[in-house]
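# Structural characterization, general
The primary structure of each chain is shown beneath.
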Amino acid sequence: MCGIVGYIGPREATNVVINGLQRLEYRGYDSAGIAIYDSDRGLQLRRSVGKLSNLQQRLAAEPTYGQIGIGHTRWATHGGVTEFNAHPHRDASGAIVVIQNGIVENYLHLKGRLLELGYQFESQTDTEVIAKLIGHYYRDSRDLVSAVRQTLRELRGGNAIVAFSIHEPDTLVAARLGNAGGVAIGLSEDEQFIASDIPAILDYTRTLIFLEDGDVAVVRRSGVAITRLDGTPVERPTHTIAWDPVAAAKGDYRHFMQKEIAEQPRALMDVLRGRIDQERGRIELEDLRLSDDDLRRVRRIYATACGTAWHAALVAKFLIENLAGVRVEVDYASEFRYRGPILQSDGERDALLLAITQSGETVDTLAAMEEARAQATPSVAIVNAIGSQAARLADGGPIYLHAGPEIGVASTKAFTSMLVAAYLFALRLAQARGKLTPAQIRAHIQALIELPGKAAQTIEQTTPICIELAERYHRAGNALFLGRQINYPIALEGALKLKEISYIHAEGYPAGEMKHGPIALIDEDMPVICIAPRDHIYEKMISNIEQVRARHGQVIAIGHAGDALLAEKANDMIGVPETLPLLQPVLNVIPLQIFAYHVAVLRGCDVDQPRNLAKSVTVE
């Protein structure tokens, strides 16, 4: 969720870049940096740890001057919070500077190759690999655009970058690869602007274009030229943004829910930032106040939440028990305190409360945390809202999602971020308890790093069929969602999404329980959504699907892309990429969100503000 800004034109670039970074500081405040070029003063680089104000103080003492520049606010991914790790980063010659938002999934491989070629590194970041690669290719081509294209072809993962070279002082190169977040280019006469989010440049222009995956933009004072990675020219539409914070925040999307579904690749990337050490095979949860000794003492966890977050808690149970070997009980927060829970064994202090909440202000979840405190049981909060009451009550520390504001009442990006945060917590427990070796954790980290790209692929590939299915079933009166084991909570979440925004009655069930009641409801008019990845219970799910088809139910199957057997058994199939079985729910839920959204739109429902619902339930 880093913030990037670029400028070229007649103004002092420093002022434009810093102003833009102030609008983007919510995207990162571990460190900040700026690179400005002037033909007389050369390249001027300033970086500071901490909030943007620290960089501004340094610039007051050591000002920069020039009409071309880039700036960055950082949330750490690879490498700690140090000035060396702050952006911008330079190539080996020091002539090329780069800022980045994203994760280079194969950076260890690329860094190893560059080390073998004799390159040295000043930081622990994956961004420096990009800078060194661009410099490596620039040495032969002497063309910045060509060097950027060659570099992008080698990167795996979602990345947005801006680069310039002192040898081409009239050019900025911006590129987007995958879905690391947006790249907006603001157009104006004799000057151009680049930013990762619209508000950063609205003071200067309301005319913007947005880069797509695989776009490379050459930005000069006179205008912008966009090509694909192979150099093919391409035109992108120009948008005029209303000077309205709400409209600007929504961008081109019809609803906030649609926007937040699309933001999930970026949100998943942000929940990983600064928490994964791929080289050492370690998980670092910066705000967790429990030591390894504390975590080793934990023998049982009480997970408590409401609504969508409760479904995340059910998934967390599978993650923690499978990875860390700690027993987990899951409670609705609204029921937890009223049942008189006994959290600690006689003479033992070995329990932990795990509270999951987007807002951090849900009254029932806060009451559960207060109950834990009353019984001398530490709590950990997986929470999105920084500084919220849940974050303050969590004496074991918060695990922030960093998903950004979620405006739509029906949670999407916060839910998938909760699943990844729970995965990180499970790995951290396993690490402290010696259940997983660094090599094993490294394999999980690699899958996590690849997840945002697979989420983007899921959105792109499943949206067309979800729209088609929504057109077919938006008049249905009932729907059934079936899943097994870790995908049973995803069936619950899919049903909740459909009912809360489209007002269609929908139920989620463990597929093995279908014969104990729900099977009586199945007829030729009922869509039955079956979640059936190729896992250890795949054959049982196939059997459940055959039972639905035998009663003329309309089966929509969600499974691994290319599963011919599943496609044959179902009426319709939605294929998603394959990942580790415990991570698969993150991808499986995305088409359920998209389907529910388009059903609600076709039914004319208020998607962002469904009737009778509120974003945060702060009263009983």
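Note that the coordinates shown come from a computational prediction; the quantities given were computed from them, not determined experimentally.

As a further point, take the overall build of the chain. When you go through the chain residue by residue, the secondary structure sums to 19 helices and 26 strands. On C-alpha atoms alone, the chain measures out to a radius of gyration of 25 Å, which is about the 25 Å that the 2.2 N^0.38 rule sets for 620 residues. Dimensions along the principal axes, computed over C-alpha positions, put the chain at roughly 80 × 60 × 50 Å. For the chain, with 620 residues in total, the buried portion stands at 60%. In the chain, the share of contacts with a sequence separation of at least 24, taken over all contacts with a separation of at least 6, comes to 70%.

So, on to the pairing of strand β18 (residues 327-332). Here 6 bridges tie strand β17 (residues 300-305) to β18, and the two strands are oriented parallel to one another. Paired with A305 across the strands is Y332, a residue of β18. Read as a crossover between parallel neighbours, the route from β17 over helix α10 (residues 308-324) to β18 is right-handed.

By the secondary structure assignment, A60 is in helix α2 (residues 52-61). For A60 and P233, which are 173 residues apart along the polypeptide, the C-alpha to C-alpha distance reads 42 Å.

We describe a pair of aromatic rings using the distance from one ring centre to the other and the angle between the two ring planes. Enumeration over the complete set of coordinates arrives at 3 aromatic pairs. For the ring pair Y7 and F193, a centre distance of 5.2 Å and an interplane angle of 45 degrees mean the geometry is tilted. Here the residue Y7 occupies a position in strand β1 (residues 3-8), and F193 occupies one in strand β10 (residues 191-195), the gap between them amounting to 186 residues. With centroids separated by 3.9 Å and ring planes inclined at 15 degrees, the aromatic side chains of W310 and Y332 adopt a geometry described as stacked. Here W310 is found in helix α10, whereas its partner Y332 is found in strand β18, with 22 residues between them in sequence.

Here we take up the pattern of salt bridges. Between side chains of opposite charge, pairing is possible as soon as their charged atoms come close. Evaluation of the coordinates by the stated rule reveals 37 salt bridges. The closest approach of N and O atoms between K259 and E263, which form a salt bridge, is 2.5 Å. Judged by its relative accessible area of 16%, E263 is buried. Between R266 and E263 there is a salt bridge, with the nearest N and O atoms lying 3.8 Å from each other. Here the two residues R266 and E263 agree in accessibility, since each one is buried.

Here the focus is the sheet that holds strand β3 (residues 42-49). Spatially, the 8 strands line up as an open sheet ordered β3-β2-β4-β1-β10-β9-β11-β14, and their pairing is antiparallel. Among the strands making up the open sheet, the edge pair consists of β3 and β14 (239-240). Inspection of the sheet shows β1 paired to strand β4 (residues 68-74) by 6 bridges, in the antiparallel sense. In the sheet register, V5 faces β4, and the bridge partner there is G71. In this fold helix α1 (residues 13-24) packs onto β1, β2 (31-38), β4 and β10, with an angle of close to 155 degrees to the strand it touches most, β1. Along the sheet, α2 makes contact with β2 and β3, crossing β3 at roughly 140 degrees.

Quick notes on the rules
- Residues numbered from 1 in each chain as written.
- Predicted model: local features only at pLDDT ≥ 70, side-chain atom pairs only at ≥ 80, totals over all residues.
- Heavy atoms only, no water.
- Helix = DSSP H or I, 4+ residues; strand = E, 2+ residues; numbered from the N terminus.
- Rg over C-alpha atoms; globule rule 2.2 N^0.38 Å.
- Buried < 20%, exposed > 50% of the residue type's maximum accessible area, 1.4 Å probe, protein only.
- Contact = heavy atoms within 4.5 Å.
- Pairing = 2+ DSSP bridges.
- Right-handed = clockwise from strand over helix to strand, strands pointing away.
- Phe/Tyr/Trp six-rings, centres within 6.5 Å; stacked < 30°, edge-to-face > 60°.
- Salt bridge = Lys/Arg side-chain N within 4 Å of Asp/Glu carboxyl O.
- Axes fitted to C-alpha atoms, helices over the stretch in contact; angles between N-to-C directions.

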